[in-house]
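# Understanding the architecture of this molecule
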Amino acid sequence: MLRLGVLSLAFCLLGCGSQNPRVMIETEYGDIQVEVFEQAAPVTAANFLRYVDEGRFAGAFFYRVVTMGNQPDDSIKIEVIQGGLGFQESENRLAPVAHETTDESGVLHTDGTISMARNAPGTASSEFFICVGDQPELDFGGHRNPDGQGFAAFGRVVDGMEVVRAIQGLPADGQMLQDVVRIVNVQRVN
């Protein structure tokens, strides 16, 4: 009985519907709606929502697509699309936030998970990615990043995975899109 209660609490923390904020990412290819898990990943979720609420994603775009076919030198393959403010300097970029592992949050990198891109732990700021398919090697203890800390997952796509997959299928030079996909607007929808 206690196990059922713990599972119910974990489910509620990750996705009990209306208590979690939803954000619409409007792109040139269509809309992607994400649910943000504020309780499960409070630091990472607060960072993403600050970008949203303060209009800091103005000028953002999707620029990187990782497919099974464009990672010839990686022994651990993943599939994601990545977006944000890009690699250039931007006055909209905030300071990096502390790293929340999937071991701490319980939010795993399954199909449609939205997570923060980073170099070393504690360097995530404006760049995020969306998983295409389950990506356990991005979780804490996974091997995609040599430090084993994984990436900070903080939500999931609730509508628009067809848009994510369409973006992933666009022409790219290596992992970089030949033509970036402009993010027209990012705003809360509840």
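Structure first, text after, so check above.
Small disclaimer: the values here were computed from a predicted structure and weren't measured.

## A short note on the pairing of strand S5 (residues 113-116)
Alternating residues of S5 divide into Thr113 and Ser115 and Ile114 and Met116, and every residue in both groups is buried. Of the pairings in the sheet, the one linking S5 to strand S7 (residues 152-159) comprises four bridges and is antiparallel in character. Bridge pairing in S7 links Thr113 to Arg156. Of the pairings in the sheet, the one linking S5 to strand S6 (residues 128-131) comprises three bridges and is antiparallel in character. Paired with Ile114 across the two strands is Ile130, which belongs to S6.

## So, the environment of Gly169
Within the element layout of this structure, Gly169 appears in the loop between helix H4 (161-168) and strand S8 (172-173). Take Gly169: its relative accessible area is 63%, and that puts it in the exposed class. Measuring from C-alpha to C-alpha, the distance between Gly169 and Arg182 comes to 15 Å, with 13 residues separating the pair along the chain.

## Quick word on the packing of aromatic side chains
Under the defined criterion, the tally for this structure stands at nine aromatic pairs. With a centroid separation of 5.5 Å and 65 degrees between ring planes, the pair formed by Phe61 and Tyr63 is classed as edge-to-face. Under the relative-accessibility criterion, Phe61 is labelled buried at 14%. Taken together, the ring pairs connect Phe48, Tyr51, Phe57, Phe62, Phe128 and Phe154 into an aromatic cluster.

## Brief notes about the pattern of salt bridges
When the charged atoms of two side chains with opposite charge come close together, those side chains can pair. Under the counting rule described, the total for this entry stands at nine salt bridges. Residue Arg156 pairs with Glu35 through a salt bridge whose shortest N-O separation is 2.6 Å. In this pair, Arg156 sits in strand S7 while Glu35 sits in strand S2 (residues 30-36), placing the two residues 121 residues apart along the sequence. Taking relative accessible area as the criterion, Arg156 reaches 33% and is therefore assigned partly exposed. Of the charged contacts, one joins Glu127 and Arg93 as a salt bridge, the two residues approaching to 3.3 Å between their closest N and O atoms. With Glu127 in the loop between S5 and S6 and Arg93 in the loop between strand S4 (80-84) and helix H3 (102-105), this residue pair connects regions lying 34 residues apart in the sequence.

## Considering the nonpolar core
Counting residues in hydrophobic clusters, the biggest one holds 35 residues, and the most contacted among them are Ile25, Phe48 and Phe62. For this core, the element with the most residues is helix H2 (residues 42-53), which contributes five residues.

## So, empty space enclosed by the protein
According to the stated counting rule, one finds one cavity of 30 Å³ or more in the structure shown. What the largest cavity holds in volume is close to 50 Å³. Around the largest cavity, the lining residues are Thr44, Val97, Ala98, His99, Glu100, Met116, Arg118, Pro121, Gly122, Thr123, Ala124 and Ala152. A breakdown of the residues in the lining of the largest cavity according to their chemical character gives six nonpolar, four polar and two charged.

Calculation criteria
Residues numbered from 1 in each chain as written. Predicted model: local features only at pLDDT ≥ 70, side-chain atom pairs only at ≥ 80, totals over all residues. Heavy atoms only, no water. Buried < 20%, exposed > 50% of the residue type's maximum accessible area, 1.4 Å probe, protein only. Helix = DSSP H or I, 4+ residues; strand = E, 2+ residues; numbered from the N terminus. Pairing = 2+ DSSP bridges. Phe/Tyr/Trp six-rings, centres within 6.5 Å; stacked < 30°, edge-to-face > 60°. Salt bridge = Lys/Arg side-chain N within 4 Å of Asp/Glu carboxyl O. Core = buried A, V, L, I, M, F, W, Y, C linked by side-chain atoms within 4.5 Å. 1 Å grid on protein atoms, 1.4 Å probe; cavity = no way out; pocket = protein on both sides within 12 Å on 5 of 7 lines; lining within 4 Å. Points joined across faces, edges and corners; volume = space filled by probe spheres on them. Nonpolar A, V, L, I, M, F, W, Y, C, P; charged D, E, K, R; others polar.

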